[in-house]
Amino acid sequence: MVPRATDRLLIVVSVLEGRYFPKRPKHLLIVEAKFDGEQLATDPVEHTDQPEFATELAWELDRKALHQHRLQRTPIKLQCCVLDPVSSSKDNIGYIVLDLRAAQEKKQAPKWYPLLSNKYTKFKSEIQVGVVLETDSKALVDGFKAKEAPPRAGEASALISGLDPQSIVPVLNEEEGCHQIGPAEYCRDYFVLSVTIVFATQLEQLVPTTMKLPERQPEFFFYYSLLGNDVTNEPFTDLIDPNFEPERASVRIRSTVDVLQVYLCALSKLQIHLCCGDQSLGSAEIPLSGLLKKGNAEIDQRPVAIEGAFVLVPPNRAKQKLPQLPLDMAPTVGVSVILQRESLSAQLVIPLNAPTGPNQPQEKVLSAVKGKTEGLQQRSQNAPSQVSRSSLTQDEATESEVESLKFEKGMEVKKKADNGPVAASQPIPVGASSSSEPSAQKIVIPAASHHFCFSIDLRSIRGLEVGFPINCILRYSYPFFGSAAPIMTSPPVEVRKNMEVFLPQSYCAFDFATIPHQLQDTFLRLPLLVELWHKDKTAKDILLGMARLQLSNVLASEKTRFLGGNGEQCWRQTYNETVSVTAVQGSGSRIADLSYAITLEDHGLVKMQEVLVSDSSQCVGAGQQWRVPHIQPRCAQENPPEPRETLEYKAALELEMWKEMQEDIFENQLKKKEMVHMQVLAEEWKKREREREALVKKKVSEYTVLEEQLQKTLRDLDKRERQLFSAESELQTVKKDLQAEHERKLQELQDSVRRAREECAHQVELERSKIKQLEEDKLRLQQQLNEAESKHKILEKEFQQFKEQQSSKPEIKLQSEINLLTLEKVELERKLESATKSKLHYKQQWTRALKELARLKQREQENAMAHLKKQQQELEHMRLRYLAAEEKELGKPDRQELEDIRNELNRLKQQEEERRQLQDVRANSAGRVSNSRKLNENMDDYLSRLIEERDTLLKTGVYSHEDHIVSELDRQIREAIAKRSITK
């Protein structure tokens with residue numbers, strides 16, 4: 001059916017301009033819009049305070065898809081990014097979420113939306129956006145084209161053999177709404193590739209402790225790329241118990257089986273990421289190479305699938321050095337990948353008792369038209385593996401199937417119990433085929449077909465080897481019996497270790513017609529697989545193990561004869577056995593034992609060659625396996641009665657009337673339930689609308705108050721900015737004045753330093769002249785000292801001669817010589833005193849010069865700049881060191897002279913003592929006493945003079961106790977004190 005032009009709509013998002021953005025030259029702004037997995041972007045604009053985008057972004061869809069998106073509250077997310085053309089980097093600065101329900105077909109004024117999670121924290125950036133629905137004016141006309149002839153087998157095989165796997169790239173074909181894989185002239189078969197995310201567990205293990213989640217409630221979602229289409233599921237907020245609707249994404253593919261097998265092998269894996277915002281918390285890899293195997297024609301008969309729970313691995317596990325989690329604690333995601341031919345997908349029929357409510361996976365069809373959604377499609381239930389992983393994940397689906405089977409089995413058992421063997425004129429309402437539609441079709445049954453009744457009784461389960469008690473449910477499906485719907489025991493029973501539990505409502509019987517040879521071949525080839533499930537009220541059901549029942553064993557058992565309902569002879573075979581239930585995971589060890597009984601009854605040839613069978617009772621792939629609603633009795637009369645008078649016709653008429661009556665009752669019940677549900681939904685909708693309106697009004701009032709506060713704050717900020725501008729101008733004026741003053745002061749300081757340096761140089765010249773004068777005085781004193789030394793030598797010679805004469809002349813001569821020597825001694829003492837006074841005068845002059853230098857130094861320190869102080873101190877220190885060195889050089893001859901004079905005096909004293917010994921005792925003693933007094937007086941004078949010299953040098957501040965001159969004076973003082981104490 002061609003959709004009308006008015007049913008095609010465009011969601012147009014107008015991104016006009018922005019405000020309150022910071023200015024960033026050499027950067028660009030871009031807005032990316034994402035809706036239903038498809039992303040559009042505006043042209044880059046300059047990053048100014050008011051960027052102008054002026055761009056319209058549109059997505060095409062129909063009214064049905066729009067209604068579905070509104071029910072699901074699908075958002076339109078606008079992401080604002082900054083581009084750096086130099087480094088080609090892109091940074092997200094904020095986002096906006098638009099509500100699709102607010103979009104109307106009439107034009108609305110655009111609104112300003114603030115950026116959420118804005119990285120410009122000091123700016124309240126906003127973007128003006130408008131959303132409107134427009135009617136798509138493009139004509140939707142399906143052209144009629146003749147199908148091209150398929151390519152020859154030789155050409156196709158030669159092309160595939162020379163095809164490079166890396167060169168196979170999917171190409172979007174917008175006209176046919178599919179992806180072309182391989183050469184278009186050879187690859188003309190249509191396929192449907194579907195990916196369904198069913199469940200997820202242990203997702204909290206993927207969030208690292210160092211990751212900082214958003215302050216608001218974070219949203220998580222699964223993301224994957226399917227043939228270049230980005231697909232995301234509905235966001236959820238709880239990682240511990242993720243609750244999201246299973247969604248199926250499907251793409252149409254135009255290719256061949258061989259080319260598709262090569263492409264899937266080259267594609268290798270499908271990566272599914274768990275994301276929070278723009279960050280990937282973990283990913284799982286689903287290998288696609290096993291979908292199609294070379295030389296396997298299974299896809300021509302049924303869909304091929306890869307289903308299971310895959311482990312999510314966090315990114316950079318090796319870099320983070322994360323430990324390997326155990327299998328039961330590892331985060332997993334349940335994924336189903338199905339590939340099927342488009343013709344098969346159109347022929348598959350959903351059973352009547354399968355759930356069709358909101359618990360079924362939602363279908364996303366990724367079509368060639370951008371933004372197009374094909375609505376919801378129900379998942380096919382033709383294969384037991386698909387049913388076990390999709391329908392059983394929901395409690396409602398399980399309960400509906402169990403109730404339908406209980407109803408059907410109850411009717412059958414009740415009729416068999418009340419009436420015994422089924423009569424020929426009564427129908428046998430077993431299985432889902434009993435509720436067939438009035439528009440049923442006729443099927444011709446071969447003449448060699450037999451009417452069989454097969455019953456299965458799953459009696460008990462025992463020997464449980466699982467470490468925890470389980471709520472046991474047994475489940476099986478055998479399409480050969482006429483229905484692919486699963487059969488389950490109900491209700492769940494608790495099974496523990498070392499106990500045997502009998503299963504309730506575990507009996508089921510099937511009536512069907514087939515050829516005995518085909519029955520035997522099917523029983524030998526296909527065993528009955530019974531699945532052991534653990535039903536948990538708080539989590540999803542867990543498949544624990546599986547038992548294989550070999551149905552061919554009943555064919556080898558002993559046959560017993562019994563009479564059927566119409567008196568015909570029938571055969572019954574019964575077989576009892578206990579089989580092991582093996583685990584589906586791990587090494588396949590035994591986890592329990594299952595006891596069962598199976599019975600096969602052969603009611604002979606089918607008498608009715610044409611029967612009415614509903615569409616739901618047909619089974620795909622079963623050649624001649626149809627249900628037989630009733631059996632025509634054998635007629636032995638030669639002249640058959642009127643057709644309307646036969647028992648078969650009456651029974652068929654009664655059955656049809658009963659069917660119509662049940663259909664009317666069922667339709668009335670459905671309408672009543674629909675009305676009740678619609679009323680409940682309407683009341684709930686009105687209640688939520690009132691709550692949302694109250695919340696919106698409250699938010700609008702709050703936003704109005706906030707807007708007034710913001711306006712007031714903006715006015716205050718403008719006033720403050722003007723004040724700051726005036727204060728800044730005043731500050732600049734003061735800064736200029738201070739700079740001029742600083743330069744003037746610096747010039748004055750430089751002039752003063754220059755003058756101080758000149759004065760210092762002048763003072764140094766004066767001091768040098770004084771030093772020169774002192775050196776001349778020193779030379780003069782040195783000459784005098786040399787003369788004194790010569791005189792001293794002469795006196796020493798004379799004293800030696802006198803000593804020699806004293807030993808030979810009498811005492812009078814000796815006395816006269818003593819007197820002469822005494823006079824000479826007095827003269828020498830006078831000269832020594834004059835030399836001492838001249839030395840003292842020299843020292844006083846030197847001390848005065850030092851004081852004058854210290855005064856000059858103090859004045860220079862006061863007038864000099866701080867940065868020249870260190871240089872001046874070093875210069876003064878070097879000058880003082882120089883003077884100290886000169887002082888040391890000048891003091892050496894004086895000390896030598898004093899030492900010689902002292903030695904001479906000591907020698908004279910010794911001579912005087914010797915002369916006094918020659919005198920009498922009184923005169924000698926009197927002379928010794930007076931001599932001793934004089935020596936003591938001389939030692940005291942000498943000691944006081946040394947102490948005074950030392951104190952004078954220390955007072956100048958130039959010398960310290962560590963200098964050589966001061967230490968030498970200290971040593972002489974100690975020696976003088978020691979000598980004076982010895983003399984006393």
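Everything discussed here concerns the structure shown above.
Residues numbered from 1 in each chain as written. Predicted model: local features only at pLDDT ≥ 70, side-chain atom pairs only at ≥ 80, totals over all residues. Heavy atoms only, no water.

## Section: the overall build of the chain
Along the backbone of the chain there are 13 helices and 33 strands. The buried share among the 984 residues of the chain stands at 38%. Within the chain, counting contacts between residues at least 6 apart in sequence, those at least 24 apart form 71% of the total. Carbon together with sulfur atoms contributes 53% to the accessible area of the chain, which is approximately 59400 Å² in total. (Helix = DSSP H or I, 4+ residues; strand = E, 2+ residues; numbered from the N terminus. Buried < 20%, exposed > 50% of the residue type's maximum accessible area, 1.4 Å probe, protein only. Contact = heavy atoms within 4.5 Å. Areas by Shrake-Rupley, 256 points an atom, 1.4 Å probe, with all protein chains shown as cover.)

## Some details on the sheet that holds strand S9 (residues 126–135)
If you walk across this open sheet you meet the four strands as S5-S1-S9-S8, and the pairing is antiparallel. What marks the edges here is a single partner per strand, and that holds for strand S5 (52–62) and strand S8 (111–114). Strand-to-strand twist across the sheet, computed as the mean angle between neighbouring axes with direction ignored, equals 30°. Sheet analysis places strand S1 (residues 8–19) next to S5, joined by nine bridges and oriented antiparallel. When the sheet's bridge partners are listed, Leu-10 is paired in S5 with Glu-60. Where helix H1 (residues 63–72) meets the sheet, its contacts fall on S1, S5 and S9, and the angle it forms with S5 comes to roughly 110°. (Pairing = 2+ DSSP bridges. Axes fitted to C-alpha atoms, helices over the stretch in contact; angles between N-to-C directions.)

## Overview of the nonpolar core
Formed by 46 residues in total, the largest nonpolar core has its most connected members in Phe-222, Tyr-224, Leu-274, Ile-286, Leu-291 and Leu-339. Broken down by secondary-structure element, the contributors of at least two residues to this core are strand S12 (189–201), strand S13 (220–226), strand S15 (247–255), helix H3 (257–267), strand S16 (269–276), strand S17 (279–287), strand S18 (304–311) and strand S19 (332–341). Within the second largest apolar cluster, 41 residues are counted, among which are Ile-456, Leu-458, Ala-583 and Ala-592. (Core = buried A, V, L, I, M, F, W, Y, C linked by side-chain atoms within 4.5 Å.)

## Looking at unusual backbone geometry
Of note, the amide linkage connecting Ser-490 to Pro-491 takes the cis form, showing an omega dihedral of -5°. Here Pro-491 shows up in the loop between strand S24 (487–488) and strand S25 (493–495). Backbone geometry places Asn-498, a non-glycine residue, at a positive phi of 55°. With respect to the helices and strands, Asn-498 occurs in the loop between S25 and strand S26 (501–502). Take Asn-498: its relative accessible area is 79%, and that puts it in the exposed class.

## Remarks on the sheet that holds S17
Taking strand neighbours across the sheet as the criterion, the four strands line up as S14-S13-S16-S17 in an open arrangement whose pairing is antiparallel. Each having just a single partner strand, strand S14 (229–232) and S17 make up the two edges of the open sheet. Neighbour-to-neighbour, the strand axes of the sheet open up by a mean angle of 25°, direction not taken into account.

## Regarding the pairing of S15
In terms of burial, S15 is largely enclosed, as eight of its nine residues are buried. Two strands pair when backbone bridges link them, and strand S11 (residues 178–180) and S15 are joined in this way by two bridges, in the parallel orientation. Each residue of the ladder has a partner; that of His-179, found in S15, is Ile-253. Where S12 and S15 come together, nine bridges link them in antiparallel fashion. Across the sheet, Leu-193 pairs through a bridge with Val-251, a residue of S15.

## Observations regarding the environment of Asn-576
Within the secondary structure, Asn-576 sits in strand S31 (residues 569–583). According to the relative accessible area criterion, Asn-576 is partly exposed, its value standing at 45%. Sequence separation between Asn-576 and Asp-457 is 119 residues, and the spatial gap between their C-alpha atoms is 9.5 Å. When sequence neighbours within four positions are dropped, the list of residues in contact with Asn-576 reads Arg-459, Tyr-596 and Ala-597.

## A closer look at the side chain of Ser-125
With respect to the secondary-structure elements, Ser-125 resides in the loop between S8 and S9. The residues contacting Ser-125, other than those within four sequence positions of it, are Arg-19, Tyr-20, Phe-21, Tyr-113, Pro-114, Leu-115, Asn-118 and Tyr-120.

## Considering the state of the cysteines
According to the stated counting rule, one finds zero disulfides in the structure shown. Summary of cysteine pairing: Cys-275 is not part of a disulfide, and the nearest cysteine sulfur, belonging to Cys-276, is at 8.9 Å. (Disulfide = S-S within 2.5 Å.)

## A word on the packing of aromatic side chains
One pass over the full model with this rule turns up 16 aromatic pairs. Centre to centre, the rings of Phe-35 and Trp-59 are 5.8 Å apart; their planes meet at 65°, and the pair counts as edge-to-face. With a gap of 24 residues between them, Phe-35 in strand S2 (residues 28–35) and Trp-59 in strand S5 connect regions that are remote in the sequence. Across this residue pair, the class does not change: Phe-35 and Trp-59 are buried. An aromatic cluster of three or more residues is present, and its members are Phe-452, Phe-454, Tyr-478, Phe-480, Phe-481, Phe-510, Phe-512 and Phe-523. Cation over ring: Arg-19 sits above Trp-112, and NZ or CZ is 4.0 Å from the ring centre. Its guanidinium or amino end placed over the ring of Phe-562, Arg-572 lies 4.1 Å from that ring's centre, counting from NZ or CZ. (Phe/Tyr/Trp six-rings, centres within 6.5 Å; stacked < 30°, edge-to-face > 60°. Lys NZ or Arg CZ within 6 Å of the ring centre and 35° of its normal.)

## Section: the pattern of salt bridges
Once the charged atoms of two side chains with opposite charge are near each other, the side chains can pair. Under the defined criterion, the tally for this structure stands at 32 salt bridges. Lys-535 is the salt-bridge partner of Asp-541, the closest N and O atoms lying 3.9 Å from each other. Like Asp-541, the residue Lys-535 is buried in the burial classification. Ionic pairing is found between Arg-971 and Glu-975, a salt bridge with its closest N-O pair at 2.5 Å. Of the two residues, Arg-971 and Glu-975 both sit in helix H13 (residues 964–983), four residues apart, roughly one turn of that helix. Residue Glu-975 is classed as partly exposed on the basis of its relative accessible area of 35%. Here the salt bridges share partners, and the residues they tie into one network are Glu-465, Arg-590 and Asp-593. (Salt bridge = Lys/Arg side-chain N within 4 Å of Asp/Glu carboxyl O.)

## Some details on the side chain of Asp-602
Within the secondary structure layout, Asp-602 lies in strand S32 (residues 590–605). Of the polar contacts made by the side chain of Asp-602, one reaches the side chain of His-450; its length is 3.1 Å. In contact with Asp-602, not counting residues within four places along its chain, are His-450, His-451, Phe-452, Cys-570 and Trp-571. (Polar contact = N/O pair within 3.5 Å; in protein donor to acceptor, adjacent residues only side chain to side chain.)

## A short note on H3
When H3 is considered as a whole, its buried residues turn out to be Val-257, Val-259, Leu-260, Gln-261, Tyr-263 and Leu-264. Immediately beyond the C-terminal end of H3, within one or two residues, lies Ser-268, with a positive phi of roughly 70°.

## Remarks on a nonpolar patch on the surface
Residues Tyr-20, Leu-714 and Leu-717 make up a contiguous nonpolar surface patch of roughly 270 Å² in combined accessible area. Looking at the secondary structure, you find Leu-714 in helix H9 (residues 647–806). (Patch = residues over 30% accessible without salt bridge, like charges linked within 9 Å, V, L, I, M, F, W, Y side chains within 5 Å.)

## A few points about the pairing of strand S22 (residues 450–462)
Counting buried residues in S22 gives 10 out of 13 residues, a clear majority hidden from the surface. Sheet topology places S22 next to strand S27 (residues 507–514); eight bridges connect them, and they run antiparallel. Bridge pairing in S27 places Phe-454 opposite Phe-510. Bridging between S22 and S26 involves two bridges; their strand directions are antiparallel. Counted as the bridge partner of Ser-460 is Phe-502 from S26.

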